[in-house]
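# Reading the structure
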Amino acid sequence: ADIGSLGLGRRLRACRCSTIAREAASALDGPATAMMRMVQAEVSSVWPNACVACFGSRATGLAGANSDVDLVVTGVPGLDGMPPDGSLDTSRGPLPAQLDALRLLLPRLAQLEGVATASVNKSAVPVIALTADVPAEAEVEKGSEETESVTGESSSSTDSSDCGADGAAARSTAAASASSPPQLCMDVSINTPLHRGLMAAHHVRWLHSQLPFLPPLVMLLKALLHKHSLKTTYTGGLSSYALVTMV
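Residues numbered from 1 in each chain as written. Predicted model: local features only at pLDDT ≥ 70, side-chain atom pairs only at ≥ 80, totals over all residues. Heavy atoms only, no water.

## Quick notes on the pattern of salt bridges
Summed over the entire model, instances satisfying the criterion amount to 5 salt bridges. Glu-42 is the partner of Arg-108 in a salt bridge, and the nearest nitrogen-oxygen pair spans 3.6 Å. One end of the pair, Arg-108, is in helix α5 (residues 94-110); the other, Glu-42, is in helix α3 (residues 29-46), and 66 residues separate them in sequence. With a closest N to O distance of 2.3 Å, Asp-100 and Arg-92 form a salt bridge. Judged by relative accessible area, Asp-100 falls into the partly exposed class, the value being 22%. Taken together, the salt bridges that share partners define one network made up of Asp-89, Arg-92, Asp-100 and Arg-103. (Salt bridge = Lys/Arg side-chain N within 4 Å of Asp/Glu carboxyl O. Helix = DSSP H or I, 4+ residues; strand = E, 2+ residues; numbered from the N terminus. Buried < 20%, exposed > 50% of the residue type's maximum accessible area, 1.4 Å probe, protein only.)

Structure (structure tokens):
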């Protein structure tokens, strides 16, 4: 069984359609890190002891070209096991207090350089949803990586035909996306005892160490779900964590 698992992992890692998305996602790492620093600065100006942490697919190595950056603010007074400081009304319960905290941050994050849209989305875990324009240098890098993947002129010696029809579809999608300017999508939430994002990310990273075939298989399935508009949980799709758990 172990030999079979290792063989499956090598076969999946050789599939170019599962690496195209990772290459495109890595081109956005720089802009994502820069935006995270700016978010941290604004958070610190409101709550000096609060910290911003990344979770989700970009923290576990499972991000694709269309993956959001999931951030959580820890150490908010009155919400994360910290004593209240009077900045938030926690008497109405944790959910209204989370919304109040996000509304307090919203105007600060909306004015950050590069941010195109910013709004508070109410859900089981409310978030500030940001979209930001990607700097030109990152866009060029992303386009060059995708061109290499489409033409097969990358440093990898693996034949992209291993992917079959799905590989052709992935390369076609990458070629189309190369012509449109990328945007960075970021969700900012507030940590509470019920927030499981950081714990889930830690668990997924542990699974990576135990199952070498997991990352390429999940990336391949994510690309398939995205192709058929089944990746967005808000519209009834499957989240990355749910997909990892199923695999």
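## Some details on α3
A rise of 1.5 Å per residue sets the reference length of α3, with its 18 residues, at 26 Å; its end C-alpha atoms lie 26 Å apart and thus fit the reference within 8%. Taken residue by residue, α3 has Pro-31, Ala-32, Met-35, Val-39, Glu-42, Val-43 and Val-46 as its buried positions. Down the axis of α3, the smallest arc covering the buried residues is 110°, so these residues share one side. (Expected span 1.5 Å × (residues − 1). Arc of directions from axis to C-beta.)

## With respect to the packing of α3 against α5
Contact pair α3 / α5: the axes reach a minimum separation of 10 Å and the direction vectors enclose 135°. In terms of axis orientation, α3 runs oblique to α5. α3 and α5 meet at a crossing whose hand is right-handed. Between α3, through Val-39, Glu-42, Val-43, Ser-45 and Val-46, and α5, the contact on the second element is made entirely by Leu-104, Leu-105, Arg-108 and Leu-109. (Axes fitted to C-alpha atoms, helices over the stretch in contact; angles between N-to-C directions. Parallel < 35°, antiparallel > 145°, perpendicular 65-115°, else oblique. Left-handed = near helix turned anticlockwise from the far one by under 90°. Contact = heavy atoms within 4.5 Å.)

## Considerations on the environment of Met-38
Among the secondary structure elements, Met-38 is positioned in helix α3. When its relative accessible area of 26% is taken as the criterion, Met-38 is described as partly exposed. Taking the C-alpha atoms as reference points, Met-38 and Leu-112, 74 residues apart in sequence, are found 7.3 Å from one another. The contact partners of Met-38, leaving out residues within four places of it in the chain, are Leu-112 and Glu-113.

## So, the sheet that holds strand β2 (residues 69-74)
Backbone-to-backbone hydrogen bonds pair the strands of a sheet. The strands run either parallel or antiparallel. Taking strand neighbours across the sheet as the criterion, the 5 strands line up as β1-β2-β5-β4-β3 in an open arrangement whose pairing is mixed. Looking at strand neighbours, the two that pair on one side only are β1 (51-55) and β3 (115-121), the edges of this open sheet. Looking at each pair of strands side by side, their axes are set apart by 25° on average, direction ignored. In terms of strand pairing, β1 meets β2 through 5 bridges, oriented antiparallel. Opposite Phe-55, over in β2, you have Asp-70 as the bridge partner. Helix-sheet contacts for helix α8 (residues 197-210) involve β1 and β2, and the interaxial angle to β1 is about 45°. (Pairing = 2+ DSSP bridges.)

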